[in-house]
Amino acid sequence: MAPYKFAWQKLLDLNTRQKDQAQMQLVEAMAEQHKLEERLENTKAEIEMLNQQMIDRQQKGTSVASLRQLAEYAHYLQAKLVHERKTLLLAKRRTSHTRQTVVHYMTEEKKWQKLKRKHLHAWIKQERRKEQMATDEIAGRRHRGYVALGSEQDER
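Please read these numbers as outputs of a predicted model, since none were measured by experiment.

Reading guide: rules and limits
- Residues numbered from 1 in each chain as written.
- Predicted model: local features only at pLDDT ≥ 70, side-chain atom pairs only at ≥ 80, totals over all residues.
- Heavy atoms only, no water.
- Helix = DSSP H or I, 4+ residues; strand = E, 2+ residues; numbered from the N terminus.
- Buried < 20%, exposed > 50% of the residue type's maximum accessible area, 1.4 Å probe, protein only.
- Contact = heavy atoms within 4.5 Å.
- Salt bridge = Lys/Arg side-chain N within 4 Å of Asp/Glu carboxyl O.

1. Let's talk about the environment of L26
Here is step 1 of the chain: By secondary structure assignment, the location of L26 is in helix α1 (residues 9–60).
Here is step 2 of the chain: According to the relative accessible area criterion, L26 is buried, its value standing at 12%.
Here is step 3 of the chain: Taking the C-alpha atoms as reference, L26 lies 22 Å from L11; in sequence the two are 15 residues apart.
Here is step 4 of the chain: Once residues within four sequence positions are removed from consideration, L26 is found in contact with T95, T98, R99 and V102.

2. Some points on the environment of E72
Here is step 1 of the chain: Within the fold, E72 resides in helix α2 (residues 64–155).
Here is step 2 of the chain: Taking the relative accessible area as the measure of exposure, E72 reaches 52% and is therefore exposed.
Here is step 3 of the chain: Along the chain, E72 and A31 lie 41 residues apart, while their C-alpha atoms are 32 Å from each other.

3. Brief notes about the pattern of salt bridges
Here is step 1 of the chain: Per the stated rule, a full pass over the model turns up seven salt bridges.
Here is step 2 of the chain: With a closest N to O distance of 3.7 Å, E32 and K35 form a salt bridge. Residue E32 and its partner K35 are located together in helix α1, separated by three residues, close to a single helical turn.
Here is step 3 of the chain: Residue E32 is classed as partly exposed on the basis of its relative accessible area of 32%.
Here is step 4 of the chain: K111 is paired through a salt bridge with E108; the nearest N and O atoms lie 3.7 Å apart. Linking K111 with E108, this pair stays in helix α2, spanning three residues, or about one helical turn.
Here is step 5 of the chain: The network of salt bridges with common partners includes K19, D20 and E109.

This is the structure we're talking about:
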């Protein structure tokens, strides 16, 4: 019996590689998103701390120049916060798109695997049919041999 060979194995392998690559990209996108979320939280905490520091200095009677410097830094942090939010939004979109790509490739892989199983079962059925035909042929030859042998004995 010849070994089974799936006709579209190369396509299945290609799809599997693409799925694996998309999964790696998803891991990277999720890591980047997590890193940006942490950076955003750190910036929010820094703004909160700066605001508290400004309140404390105002109560202590710190110079206007010092307070102005803190206000400028707070403005910078607010702009940084806006930029980080936009960057995080883009990262979330990338993660979502990559996740959809992974789901697509997983669905495709399942379809190819199902087709492969279907072809394998058909091939096994065909091989069994061939085997059965060969067995039937051998049994038929033996039977004809016994029948022929029995008729020779009757003639004697």
